[in-house]
There are 2 protein chains.
Amino acid sequence: MEEREISKAVIKRLPRYYRYLGEILESGVERISSSELSSRMKVTASQIRQDLNNFGGFGQQGYGYNVKYLYEEIGKILGVDKQHNMIIVGGGNLGQALANYVAFEKNGFVIKGIFDVNPVLKGLSVRGIQIHMLEDLREFIQKEAIQIAALTLPKSKAEEMTELLVRYGVKAIWNFAHVDLQVPEDVLVENVHLSESLMQLSYNITRYEKEHLE
Amino acid sequence: MEEREISKAVIKRLPRYYRYLGEILESGVERISSSELSSRMKVTASQIRQDLNNFGGFGQQGYGYNVKYLYEEIGKILGVDKQHNMIIVGGGNLGQALANYVAFEKNGFVIKGIFDVNPVLKGLSVRGIQIHMLEDLREFIQKEAIQIAALTLPKSKAEEMTELLVRYGVKAIWNFAHVDLQVPEDVLVENVHLSESLMQLSYNITRYEKEHLE
């Protein structure tokens, strides 16, 4: 496949293509035109062609896209064709909610364990995934070849924990704490800042009200 | 204040300014230069000046920004200076995790109730927020002037519930289900698609490995 620099905006859109193509594939459709995909996804057909052209063009003029091929190729680009071992740090409601997402596994994200400091949780399981205590963290990360840690601790503890995780060899942090983590260059961070997402909503509510009351 | 069309990218960055300014304010700092703010936020000073200029320029050359004023003005733009009443639909782990976020209230998002269909949860509370059954949904939305519904149901139930919520007068949906909701033009949706966020991480892991193994 051609290797070019792909814009961040395109990458952000790929998981959505992947989701739609997965659903289309499941429904038994084998080929789809950019205009059909366009009407399902509510994105212009030209945007779809442009986006998918970034990857050397999966479509054939007049034949549409081969759904399975496109799904698998986008899967490879996103890295979901490989297994990524993961732990959840923080066994509270959010950590347990993440442990219950079966969809993650379908995409190669395998949750190997949950870690917490609360001895009450020791040995308990969420959907068969055991809750461990922090003293086992180092060994577990190495033995289970953990790449990703989902961090669901409060802000005050998240920074300290990040240092530990990095020292023990975690390569990527999926951060739910409301803080920008400081990590070495070779460690990746993806933030899910819920408060910020909620503020996008209040911004839009406010703007909408202004426009309609003026 | 000047009213101009502000780009989506700037709006996306505002909550982060708001968070940093809130922390700076709490630490007792009254004025801050764009270069100081720049080094804290790891954004270029020129980006900061450009972003904040969108709002008519809060800074004075040579004096820096008045932290409290800037914090409050950005708060107004984001609409977090007003109260937004909210319900959580889905009383599972994720719904309970959201109910436990005290930070939302600090920004004006007041969670008035949690709704579920599971009779086992009826009458229980999370951080003093009561869990109600669906039959009370319509009346509750109207009586409590609910603007926002956080939707933490599985995909299969999210679409049906959205119809109900819209019919009962909810103006904005904070959607955690892995589906694009269809809503009328005057209803706002903000998505938190966790699987897609995780795929950004696997994309970056994959790219990083490629670059360093080749």
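Our subject is the structure that appears above.
Nothing here was measured: the structure is a model prediction, and the numbers come from that model.

Participant: How do you make sense of the nonpolar core when you look at a structure like this?
Facilitator: Buried together is how nonpolar side chains tend to be arranged in soluble globular proteins. If you look at the biggest cluster of nonpolar residues, it comprises 102 residues, and the most contacted ones within it are A:I74, A:W174, B:I74 and B:W174. Sequence-distant contacts of A:I74, that is, excluding residues within four places in its chain, are made with A:L14, A:Y17, A:Y18, A:L21 and A:L52.

Participant: For this particular structure, what's the right way to read the interface of chain B and chain A?
Facilitator: With 64 residues of chain B at the contact, the number on the chain A side is 64 residues. Roughly 5,700 Å² of surface becomes buried between chain B and chain A when both sides are summed, with 60% attributable to carbon and sulfur atoms. The interface formed by chain B and chain A includes 8 salt bridges. For the salt bridge of A:D180 with B:R16, the shortest nitrogen-to-oxygen distance reads 2.9 Å. Viewed at the interface, chain A and chain B are joined by 24 residue pairs in polar contact (both at pLDDT 80 or more). Of all the elements in the fold, those that place two or more residues in the side of chain B that touches chain A are α1 (8-26), α4 (67-78), β4 (84-89), α5 (93-99), α6 (102-106), β9 (172-175), β10 (188-191) and α9 (194-213) of chain B. For the side of chain B that touches chain A, the leading source of residues is α9(B), giving 17 residues.

Participant: Even after reading the chapter, I still don't get the relation of the copies chain B and chain A, so can you show me in this structure?
Facilitator: These two copies of the chain differ by a rotation about an axis and a displacement along the same axis. Rotating chain B by 180° about the axis while translating it 0.0 Å along that axis superimposes it on chain A, leaving an RMSD of 0.0 Å. Such a combination of rotation and displacement between the chain copies is what one expects of a two-fold axis. Considering only C-alpha atoms, the residue of chain B closest to the rotation axis is B:N93, which sits at 2.5 Å. In this assembly the copies share their binding face: 100% of the residues contributing to the interface of chain B also contribute to that of chain A.

Participant: Quick question: what am I supposed to make of the packing of helix α1 (residues 8-26) of chain A against helix α3 (residues 45-53) of chain A here?
Facilitator: Two measures define how a pair of helices packs: the angle their axes make with one another and the distance between the axes. Residues and elements named next belong to chain A. α3 packs onto α1 with a crossing angle of 105° between their chain directions and a minimal axis gap of 11 Å. Relative to α3, the element α1 lies roughly perpendicular. Together, V10, R13 and Y17 of α1 and Q47, I48 and D51 of α3 make up the contact between the two elements.

Participant: Any chance you could explain α1(B) here in plain terms?
Facilitator: For an α-helix the count is 3.6 residues per turn, leaving residues at separations of three or four pointing the same way. End to end, α1(B) covers 28 Å across 19 residues, agreeing with the expected 27 Å (1.5 Å per residue, within 8%). Along α1(B), the sharpest kink reaches roughly 25°, centred on B:L14 and followed within four residues by the proline B:P15. Of all the positions in α1(B), only B:V10, B:I11, B:L14, B:P15, B:R16, B:Y17, B:Y18, B:R19, B:Y20, B:L21, B:G22 and B:I24 are classed as buried. In the core, the buried residues of α1(B) are packed alongside α9 (194-213) of chain A together with β1 (31-32), α2 (34-41), α3 (45-53) and α4 of chain B. Of the residues one or two after α1(B), B:G28 is the one with positive phi, at around 90°.

Participant: Would you take a moment to explain the pairing of strand β9 (residues 188-191) of chain A for this structure?
Facilitator: Residues and elements named next belong to chain A. Where burial is concerned, the two faces of β9 differ: the one with L188 and E190 is buried and the one with V189 and N191 is not. With 4 bridges joining them, strand β8 (residues 172-175) and β9 adopt parallel strand pairing. Its bridge partner lying in β9, W174 is registered against E190.

Participant: What is the right way to read the pattern of salt bridges from this model?
Facilitator: Note on pairing: side chains with opposite charge can pair once their charged atoms come close. The tally for this structure, following the rule as stated, stands at 20 salt bridges over all chains. The partner of A:E144 in a salt bridge is A:K112, with the nearest N and O atoms 3.9 Å apart. Taken as a pair, A:E144 in the loop between α7 (137-143) and β7 (148-151) and A:K112 in strand β4 (residues 109-116) lie far apart in primary sequence, 32 residues in all. In this structure, B:D51 and B:R13 form a salt bridge, with 2.9 Å as the shortest nitrogen-oxygen distance. With a gap of 38 residues between them, B:D51 in helix α3 and B:R13 in helix α1 connect regions that are remote in the sequence.

Participant: I tried to follow the sheet that holds β9(A) on my own but got confused; where do I start?
Facilitator: What links the strands of a sheet is backbone hydrogen bonding, and the strands pair in either a parallel or an antiparallel sense. Residues and elements named next belong to chain A. On the basis of which strands lie adjacent, the open sheet formed by 7 strands has the order β5-β6-β4-β3-β7-β8-β9 and mixed pairing. Edge positions in the open sheet fall to β5 (125-126) and β9, since each of these has one partner strand only. Note: strand β3 (residues 84-89) against β4, 6 bridges, orientation parallel. Residue pairing across strands places I88 opposite I114, the latter belonging to β4. Taken strand by strand, helix α8 (residues 155-167) contacts β3, β7 and β8, and its axis lies near 170° from that of β7.

Thresholds, definitions, all that
Residues numbered from 1 in each chain as written. Chains lettered and ligands numbered in written order. Predicted model: local features only at pLDDT ≥ 70, side-chain atom pairs only at ≥ 80, totals over all residues. Heavy atoms only, no water. Core = buried A, V, L, I, M, F, W, Y, C linked by side-chain atoms within 4.5 Å. Buried < 20%, exposed > 50% of the residue type's maximum accessible area, 1.4 Å probe, protein only. Contact = heavy atoms within 4.5 Å. Buried area = accessible area lost by both parts, 1.4 Å probe. Salt bridge = Lys/Arg side-chain N within 4 Å of Asp/Glu carboxyl O. Polar contact = N/O pair within 3.5 Å; in protein donor to acceptor, adjacent residues only side chain to side chain. Helix = DSSP H or I, 4+ residues; strand = E, 2+ residues; numbered from the N terminus. Least-squares fit on C-alpha atoms with pLDDT ≥ 70 in both. Axes fitted to C-alpha atoms, helices over the stretch in contact; angles between N-to-C directions. Parallel < 35°, antiparallel > 145°, perpendicular 65-115°, else oblique. Expected span 1.5 Å × (residues − 1). Bend = angle between axes of the 7 residues up to and from the residue. Pairing = 2+ DSSP bridges.

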